[in-house]
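Coordinate analysis (summary)
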Amino acid sequence: MCLTAHSWQFLSSMDQERTEYRVGVFQRSPGARLTKATEGSSGYDIASAEDADVVIQPGSTALVRTGICVELPAGLEAQVRSRSGLAARSGVFVLNSPGTVDSDYRGEVNIVLANFGSEPFVVSPGDRIAQLVFMEVPSVRLVIVDKLSATERGSNGFGSSGV
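Conventions and cut-offs
Residues numbered from 1 in each chain as written. Predicted model: local features only at pLDDT ≥ 70, side-chain atom pairs only at ≥ 80, totals over all residues. Heavy atoms only, no water. 1 Å grid on protein atoms, 1.4 Å probe; cavity = no way out; pocket = protein on both sides within 12 Å on 5 of 7 lines; lining within 4 Å. Points joined across faces, edges and corners; volume = space filled by probe spheres on them. Helix = DSSP H or I, 4+ residues; strand = E, 2+ residues; numbered from the N terminus. Nonpolar A, V, L, I, M, F, W, Y, C, P; charged D, E, K, R; others polar. Pairing = 2+ DSSP bridges. Axes fitted to C-alpha atoms, helices over the stretch in contact; angles between N-to-C directions. Buried < 20%, exposed > 50% of the residue type's maximum accessible area, 1.4 Å probe, protein only. Polar contact = N/O pair within 3.5 Å; in protein donor to acceptor, adjacent residues only side chain to side chain.

**Digging into the layout of surface pockets**
Here the largest pocket is characterised by a volume of approximately 570 Å³. Counting only elements with at least two residues in the lining of the largest pocket, the list comes to β2 (19–21) and β13 (128–136). Here the residues of the lining of the largest pocket are counted per class, giving eight nonpolar, three polar and four charged.

**Points about the sheet that holds strand β9 (residues 92–94)**
Spatially, β3-β7-β11-β9 is the arrangement adopted by the four strands of the open sheet, whose pairing is antiparallel. For this open sheet the edge positions go to β3 (24–27) and β9, each flanked by a neighbour on one side alone. Shown here is a sheet whose adjacent strand axes are inclined to one another by a mean of 40°, direction ignored. Note that β9 and strand β11 (residues 108–115) share three bridges and pair antiparallel. From the neighbouring strand, V92 faces β11, where its bridge partner is N115.

**Considerations on the environment of G59**
For G59, the position within the fold is in the loop between β6 (54–56) and β7 (61–71). On the basis of relative accessibility, which here comes to 71%, the residue G59 falls in the exposed class. Residues G59 and N115 lie 56 residues apart in sequence; the distance between their C-alpha atoms is 5.6 Å.

**Points about the pairing of β13**
Consecutive residues of a regular strand have side chains that alternate between opposite faces of the sheet. Examined bridge by bridge, strand β5 (residues 44–47) and β13 share four bridges and lie antiparallel to one another. Paired with A47 across the two strands is R128, which belongs to β13. As paired elements, strand β8 (residues 76–81) and β13 share six bridges and run antiparallel to each other. The residue bridging Q79 from the neighbouring strand is V133, located in β13.

**Let's talk about the side chain of D45**
Structurally, the position occupied by D45 is in strand β5. Residue class for D45 comes out buried when judged on its relative accessible area of 7%. A polar side-chain atom of D45 sits 2.8 Å from a polar atom in the side chain of R128.

So this is what it looks like as structure tokens:
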């Protein structure tokens, strides 16, 4: 089943400061799930939908299936971010964090996990491995200019503003 009607994607609430976006979620696998840990959580935990354990050796990476596909309205992206507990306890991070799921992508959301810890890390089916945070993406028009305006920092880069 694929939701294509755009009327379900956007609901403006009575509160002028708050907009609710509706995101279509397709579960490709029986174990696919997105959950919020608490009402105040910014992200939705996304779980492994692999059929068996995936072992990530120290210094290695693995692409982990989630079984989740999303349909985002235009102007919204899903950012794939690390879970703080996995990072702190096991040294396991989403490698390209934040990864971006674009509004026109309809495939499965897969997670690239990297093990920077000292022990092998086992991802079991159903384990929460990352989080999705939904963010607005502004419409931007790039303008070619002859020169950029001056700032105090100028073109000083890496580390120039202090540690």
